[in-house]
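Residue strings, one per chain:
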Amino acid sequence: MTTRRPAIFLDRDGVLVATDVRNGKPIAALTLDDFTILPEASTAVASLKAAGFMTIVVTNQPELARGNVDSATMDAMHARLAAAMPIDAVYVCPHDSGEGCDCRKPAPGMLLRAADDLDLDLAASYMVGDRWRDVGAGLAAGCTTVLIECGYTEPERVEPDLTARDVAEAATLILDREKAVRRPGGRA
Ligand SMILES: [Mg+2]
Ligand SMILES: [Zn+2]
């Protein structure tokens, strides 16, 4: 009998990697020079990994479809990410809106594929992201959702279970919640 494992699904831009904000919207890095891993990300992801979660990046990258970044650059970015923190897998949606794919968040395709590939327990897993699309994907996959509040002007369309100011606080909230869930009677 195999035991399905819980995972932390991590959005990339605005969670693990710095984004520029223009007109209230986050803009993803298009070059390796602009690809800056957030200082709090490595420790936060390592703490989640140490607690027994698989750590999986799920990222919409429509600039691939738009031709503004190529897949070799994207691969190099993700190699850099994996060198900086313990990541089990990276799933990328390379499509633009309007292509009708099943993986562009808020669709849950990347999470469902990872669950199938890695034998994950989605109900025991979390989705951490900085946009409503991330929360929507997590909700659709049956995960607990954590929104990192970055002050974007886009309206919130999906209510998250938890909110945090950055991935470090998200990790702390998740680990506290896990302690409460696992201890009979919950934690005071
Ligand atoms: Mg993001
Ligand atoms: Zn897609």
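Residues numbered from 1 in each chain as written. Chains lettered and ligands numbered in written order. Predicted model: local features only at pLDDT ≥ 70, side-chain atom pairs only at ≥ 80, totals over all residues. Heavy atoms only, no water.

Colleague: How would you summarise the overall build of the protein chain if you had to cite specific residues and measurements?
Modeller: Helix and strand content of the protein chain: six helices and eight strands. The N-to-C order of helical and strand elements in the protein chain reads β-β-β-α-β-α-α-β-α-β-α-β-β-α. For the protein chain, the C-alpha radius of gyration of 16 Å lies close to 16 Å, the compact-globule estimate for 188 residues. Principal-axis analysis of the C-alpha atoms gives the protein chain an extent of 50 × 35 × 30 Å. Burial statistics for the protein chain: of 188 residues in total, 45% are counted as buried. In the protein chain, 64% of the contacts between residues at least 6 apart in sequence involve partners at least 24 apart. Of the roughly 9000 Å² of accessible surface on the protein chain, a fraction of 49% belongs to carbon and sulfur atoms. For the protein chain, the centre of its 20 positive side-chain charges and the centre of its 28 negative side-chain charges are spaced 4 Å apart. (Helix = DSSP H or I, 4+ residues; strand = E, 2+ residues; numbered from the N terminus. Rg over C-alpha atoms; globule rule 2.2 N^0.38 Å. Buried < 20%, exposed > 50% of the residue type's maximum accessible area, 1.4 Å probe, protein only. Contact = heavy atoms within 4.5 Å. Areas by Shrake-Rupley, 256 points an atom, 1.4 Å probe, with all protein chains shown as cover. Lys, Arg positive; Asp, Glu negative; His and termini not counted. Charge placed at Lys NZ, Arg CZ, Asp CG, Glu CD.)

Colleague: Go over the coordination of the magnesium ion (ligand 1), please, and point to the residues and values.
Modeller: Each protein donor to the magnesium ion (ligand 1) is listed here as D11 (OD), D13 (O) and D130 (OD); together their distances run 2.0 to 2.1 Å. Sequence positions of the donors to the magnesium ion (ligand 1) reduce to the motif D-x1-D-x116-D. Taken together, the positions of D13 in the loop between strand 1 (7-10) and strand 2 (20-22) and D130 in the loop between strand 6 (126-129) and helix 5 (132-141) put the pair 117 residues apart, joining distant regions of the chain. Look at D130 and you get buried, because its relative accessible area is 3%. (Donors = N, O, S within 2.8 Å, 3.2 Å for Na, K, Ca; no water.)

Colleague: A description of the coordination of the zinc ion (ligand 2) should follow, citing residues and the corresponding values.
Modeller: Six octahedrally arranged donors around a metal ideally form angles of 90 or 180 degrees; four tetrahedrally arranged donors ideally form angles of 109.5 degrees. Those donors, C93 (SG), H95 (ND1), C101 (SG) and C103 (SG), are the protein atoms that reach the zinc ion (ligand 2), and they lie 2.0 to 2.3 Å from it. For the zinc ion (ligand 2), the four donor atoms in the first shell make angles of 101 to 116 degrees at the metal, so the coordination geometry reads as tetrahedral. Written as a sequence motif, the donor residues of the zinc ion (ligand 2) are C-x1-H-x5-C-x1-C. On the basis of relative accessible area, C93 is assigned to the buried category, the value being 0%. (Tetrahedral: all angles 85-135°; square planar, octahedral: opposite > 155°, others 65-115°.)

Colleague: So what about helix 6 (residues 167-182)? Which residues, and what values?
Modeller: The end-to-end C-alpha distance of helix 6, which contains 16 residues, comes to 22 Å, matching closely the 22 Å that a straight helix rising 1.5 Å per residue would cover. The complete set of buried residues in helix 6 reads V167, A170, A171, I174 and E178. Angular distribution of buried residues about the axis of helix 6 spans 100 degrees; they occupy a single face of the element. Taken together, the buried residues of helix 6 touch strand 1, helix 1 (41-50), strand 6, strand 7 (144-148) and strand 8 (162-164). With a side-chain oxygen positioned 3.1 Å from the backbone nitrogen of A168, the residue opening helix 6 is D166. (Expected span 1.5 Å × (residues − 1). Arc of directions from axis to C-beta. Polar contact = N/O pair within 3.5 Å; in protein donor to acceptor, adjacent residues only side chain to side chain.)

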